[in-house]
Each structure stands twice: as structure tokens, then as C-alpha cells.
Amino acid sequence: MEAFINEMVEPRVLDLIVLILPKWKLLIYIFIMNVVIFSPLYFFSILLIDRDELELMCPSAMLFGFNLIHRALFVRHNLNNTRSMLMGVGILCVGISTSGLVTLMGDASNERGGTYQVVLLLYSFVGGYGYHLVFSKMWKVLAKIFNAKKEMFVIKFLHSFGQSVTPMFLLATFYCPWREYFHGALLLLLGGVLLNLIPITILIENEKNFLKLDQDSFVKITEKGNESFYNDVAKNYSNVDVFEPTPTVRDLPERVPMMRWKNPSNFCRDEPEPQVQIALEDDFDDDLLARDGKCYNSEGVEILEMIIEEDDENMAAYEAATIPVAPVKEPDKEKWLSLVLTHMDKLYHGINLRQHFNRHLVKSFPQAFREIKFYSCLLLKSIDLCVFILFLTILPKFMSHHYSHRGKPRQMLLLSLVIISSAWAIGSILLLWCDIKFRKQQDKLLIFSILFKAFGYFCVYSTKSSFWTVSGCVLIGVGHAIACSYQDLVIKRKFNGHQWNQIKSVLCLVSGLAVVLIAGFTNLAYVYYRIDYVLLTLLLLYCLSGSVWLACNYRIIIR
């Protein structure tokens, strides 16, 4: 019935956006986080604009691959979200900044071979673990703040729109003012920019706590939450005037008017109240007399005390309130040492690899490889974003080779990057506006994204016309906007709940390994072979993954 009502009365996207606008601070924080946190993925494409001779171009794709590998190997529980996010940002900054220092030292000593290997290890392996921590906790925090059914589509839009703005952000932040600097200095600067995610993360967590406090205050000020509500009820059901306080034992001989307790089961409001004065002994009538430390009513039934139900939160709050407070002493070295050791122990337990290792990963391999749908999802997940990142890093050298006779390779490169980012951003906005109408068409839209990107890569690769290059960049941007919004949802929908719980870790692990291998071989081909052949290989690889996906989902096209 609920589904039928949703079909008949379908909400508008504008109404849902108006409902989510009071959380505009959170939306700004999330947008900034997506812009900054995706900078390492697109940084080397900006770095290589004026440095075609640089032989290292795969760290961005390696970072994405190791993020998938760490996500599969380690399971993060819904605990200590803020601390884990801060630790992830710190690890990511340390990996990028340390790789920048190694690069500067290698440039000074003219030792490039070993330097590139160390930079690749720090940037991708160490940074990928921090990347995994950030993303594993960011989505859990956002799922707590926002309604998953009604509001998370806005978060998906910010996730895509923030990535689309990232290349232009990097152009304005790094390329224009820092063109003549070593790329090691730029890596250090990128680590410093990522360090700004720490206050943004704290703001998001504080805003989440503020929202929780607001909800608690709303509960407290409801009508039934006030004591005046019960006072009003007592006034409505009371037919006697307020009398003097209960007399003491010394006043027993005196007769005073008293209000008797009425049993709700046999009491009627319409019955007249007998206005008689009775003795205090008759008024008690042994209703609540204490016998052997117990209370009984008039029928001899024992009245038990009310036992408040205890839960973990109440017990924790009670134990925290009953802990004796130690007297404040002057700080000494031992106290600070114990405090540092305590924080180091918490950090160790937060980063303990053995504690968070996914023990069910090995058992999931046989079931995953029995599913035919697993292979098409594997190719699409591993190749789609990997080819896109590698295409952006190869594009500077390709434009220099393609338009060298015209003398405008740099202008065409900048124009291509801006057009891809703009088309991606516009496509994200259109998908947000038509999100409700496209929810049943996500499979078809994903197929169109594959066709758009394949034809866009072909236009950029095969022709030397500026018109077809611009058209190919527009198709690539629109196709990647669709893939970024719907790819994960469509892949998850191909399996039922039990299958997805068993397969998702294996899918992440094998996809990460495939991305690492593709990026490594592409970097070798980038150094030793012509750039035309490298881009052609990537185009054929993407067409292969798209063909397998279309073959496994051809029924969608027929429908």
C-alpha cells in the first residue's frame, strides 16, 4: 500500500531540497570535504601539464586501487567515527607530505629510480590506508545525520559535484600560482591543504551532536513531557477541594476532612461525592498498612515497588555519576606521561590491523567466483574510474604530441580539462533535478554512460579537430557524471542482500588488485612506448569492460 501511495503521490525534488536546506552548514562542509578529499586522485593530471618529461604518472590510480584493497581487507565498525576520520586524514597527509620530501631530496641528489618507488609506496599504499579510513567513516557519519531514503540523494549529488569541481580547484590553487616549482613542493602543499579537513571533520561531528541535542530538546518540550500536563489531568479528575496537610499521629483523635483514594476500575466521575466527615482510622481502612516491611491494599494484595528498567546508557551514566571525583592536583611529568601513553594506546587500538582484519574474506572467494554477474561488475568497477584517472594523467603528453604542429597544445589541454569538469558538474545538477524520475532508469543510464565515455575517448584519440576534441570531452564529462552517481547502486542491485554481503569484500579486493596492475603496466608503457599506443590500449580495455557489461545486461536494452 505504501508503494502504491508513493507511486500516486510522488514528491518533487524541489520539496525534498527545501526540507534539507535547514542543514545548509552541513551541506557546505560536505561539499568542501568532497572537493578537498578527492584532490589526490586528480592531482597528477594537473602536475603533468608543464612536465611531460616526468616519468611518474600512476600514483593517483594506485591510490584508488589501494583504497579498494584496504576496504576489502579491513572492516570498520560503527565506533569512534570522528577519531578514525581524523586519524585517516592524518595518515593521508603524512603519506603525501613525506612523498613530497622524498621527491625534493631525490631532485637534489639526481637519483630518480629509487625515489619514484618510495614516492609511489608512500603516496599510494600509506595514503590509500588513510583514504580508506576517511571514506569508511564519512559515509557512516552522514548516514546518521541524514535520512537515507529522502535526503541521501543530495549527499550523492555533493559527492559527484565536489569531484567535478576538484580539477578546477587544483588548477586555481596549484597550477596557476605554483607553475615553476618542483612537484615535491606541490605535494607538500597538497598535504597541507588536506590537513584542513581536520577542522571540517570536527565541525561535521559537532553539528551532528547539535542536531541530536535539538531532537532531545524537542522531546522534552512536548505537552506530555511537561509536569503541567499531569497537573491538568489531576485538576480535571478531582472533585474535592484542597485540604490541609496530612495530620500527624498526635492529631488522631481529631476528625478532619480527607480525600480518599479511588480505584479506577470501579470509580465513576458522575457519581456524587459523599460529603461526610470520617475518622482518620476509617479513612485508612488498612489499605496501605505496612506489615513486616511490606505494603498491602484493601484486598490483601501486596503492592510492589516500581523498578526502573535499566539499560546500558543509564547504567553508564549512573556509574559515571557515582564515581568519586579525585582532588585536583598540580600537573606533573608522570601525569602527562600517563596521559600520552593512554592516547597512544587508543591510537594503537584504533589502527590495530589484526583487530579489524576481515576474517570472512577467504571464505567468500568460492561463492563470488561462481556468480557470472560478478565478472561484469568486476570489470566495470575496476576499469571505469581507473581508465578515467589514467586518461587525465596521459592527456598532457598526448596533447603535446597531438597538437605540437599547431603550437597550442597547452591551450587545448586546459580547455579539455575545464570542459570535462564543467560537463561533469552540469550533468550532476541535471541528475539531481531529475533524480526521482530516473530512479527506475538507472541501469539504462549506466549503459548510456558507457557508450558516451567510449565514444568520447575515441573522439579525443582519433581526430585532430578541435571540434571533435571538445565534443569528446563533453561526452566524457556527462558519462562520468552518470557513472559517479549510479554505478555503485546498480552494481549493488545486481545481487540480493545475502549475496552482496558475501561478495562485496571480494569485489573490492580483486578490483583493487586489477587497478594496481593496470596502473603499473600503463606507467611502464607511458615511459617506453608512444603515447598513442598507450591511449589506444586504454580505449580498447574500456570497450572490453563495457562490452562485457552490455552482454550481461542486454535484456535491459531490449525492454
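Residues numbered from 1 in each chain as written. Predicted model: local features only at pLDDT ≥ 70, side-chain atom pairs only at ≥ 80, totals over all residues. Heavy atoms only, no water.

## Re the confidence of the model for the protein chain
The share of residues in the protein chain with pLDDT of 70 or more is 66%, and the mean pLDDT across the chain is 75. Low pLDDT (under 50) marks residues 215-230, which in the prediction has six contacts with non-local residues, meaning those over four places away or in another chain. With pLDDT under 50 throughout, residues 237-244 is counted as low confidence; its partners more than four residues away or in other chains account for five contacts. (pLDDT = per-residue confidence, 0-100. Contact = heavy atoms within 4.5 Å.)

## Notes on the environment of Phe391
For Phe391, the location among the structural elements is in helix H16 (residues 373-402). For the pair Phe391 and Val534, spaced 143 residues apart in the sequence, the C-alpha separation amounts to 9.7 Å. (Helix = DSSP H or I, 4+ residues; strand = E, 2+ residues; numbered from the N terminus.)

## What to know about the pattern of salt bridges
The final tally for this structure, using the stated rule, is six salt bridges. Among the salt bridges present, the one from Arg493 reaches Asp443, with a minimum N-O distance of 3.4 Å. Here Asp443 lies in helix H18 (residues 442-462) and Arg493 lies in helix H19 (residues 466-493), a separation of 50 residues in the sequence. Notably, a salt bridge pairs Asp443 with Lys494, separated by 3.3 Å at the nearest N-O pair. Linking Asp443 in helix H18 with Lys494 in the loop between H19 and helix H20 (497-528), this pair joins segments that are 51 residues apart in sequence. Among the charged side chains, a network of salt bridges with common partners joins Asp443, Arg493 and Lys494. (Salt bridge = Lys/Arg side-chain N within 4 Å of Asp/Glu carboxyl O.)

## Concerning the nonpolar core
The biggest cluster of nonpolar side chains holds 136 residues, and the ones touching the most others in it are Tyr42, Phe43, Phe146, Phe388, Phe391 and Trp549. It is H16 that provides the largest number of residues to this core, a total of 17 residues. Once residues lying within four places of it in the same chain are set aside, the contact partners of Trp549 are Ser376, Cys377, Leu380, Leu446, Ile447, Ile450, Val490, Ile491 and Lys494. (Core = buried A, V, L, I, M, F, W, Y, C linked by side-chain atoms within 4.5 Å. Buried < 20%, exposed > 50% of the residue type's maximum accessible area, 1.4 Å probe, protein only.)

## Some words on the side chain of Ser376
Within the secondary structure, Ser376 is located in helix H16. Take Ser376: its relative accessible area is 3%, and that puts it in the buried class. Within the structure, Ser376 has its side chain in polar contact with the backbone oxygen of Lys373 (distance 3.0 Å). Setting aside chain neighbours within four positions, we find Ser376 in contact with Val548, Trp549 and Cys552. (Polar contact = N/O pair within 3.5 Å; in protein donor to acceptor, adjacent residues only side chain to side chain.)

## Things to note about the environment of Ile155
Secondary-structure assignment places Ile155 in helix H8 (residues 152-175). Expressed as a C-alpha distance, the spacing of Ile155 and Ala143, which sit 12 residues apart in the sequence, is 9.5 Å. If near-sequence neighbours (up to four positions away) are discounted, Ile155 is found in contact with Leu27, Ile30, Trp139, Leu142 and Phe146.

## Overview of a nonpolar patch on the surface
A grouping of Leu517, Phe521, Leu524, Val527, Tyr528, Tyr529 and Tyr533 is seen on the molecular surface, where their side chains present a nonpolar patch of about 830 Å² in accessible area. Ranked by residues supplied to the nonpolar patch, first place goes to H20 with five residues. With respect to the helices and strands, the residue Phe521 is situated in helix H20. Residue class for Phe521 comes out exposed when judged on its relative accessible area of 57%. (Patch = residues over 30% accessible without salt bridge, like charges linked within 9 Å, V, L, I, M, F, W, Y side chains within 5 Å. Areas by Shrake-Rupley, 256 points an atom, 1.4 Å probe, with all protein chains shown as cover.)

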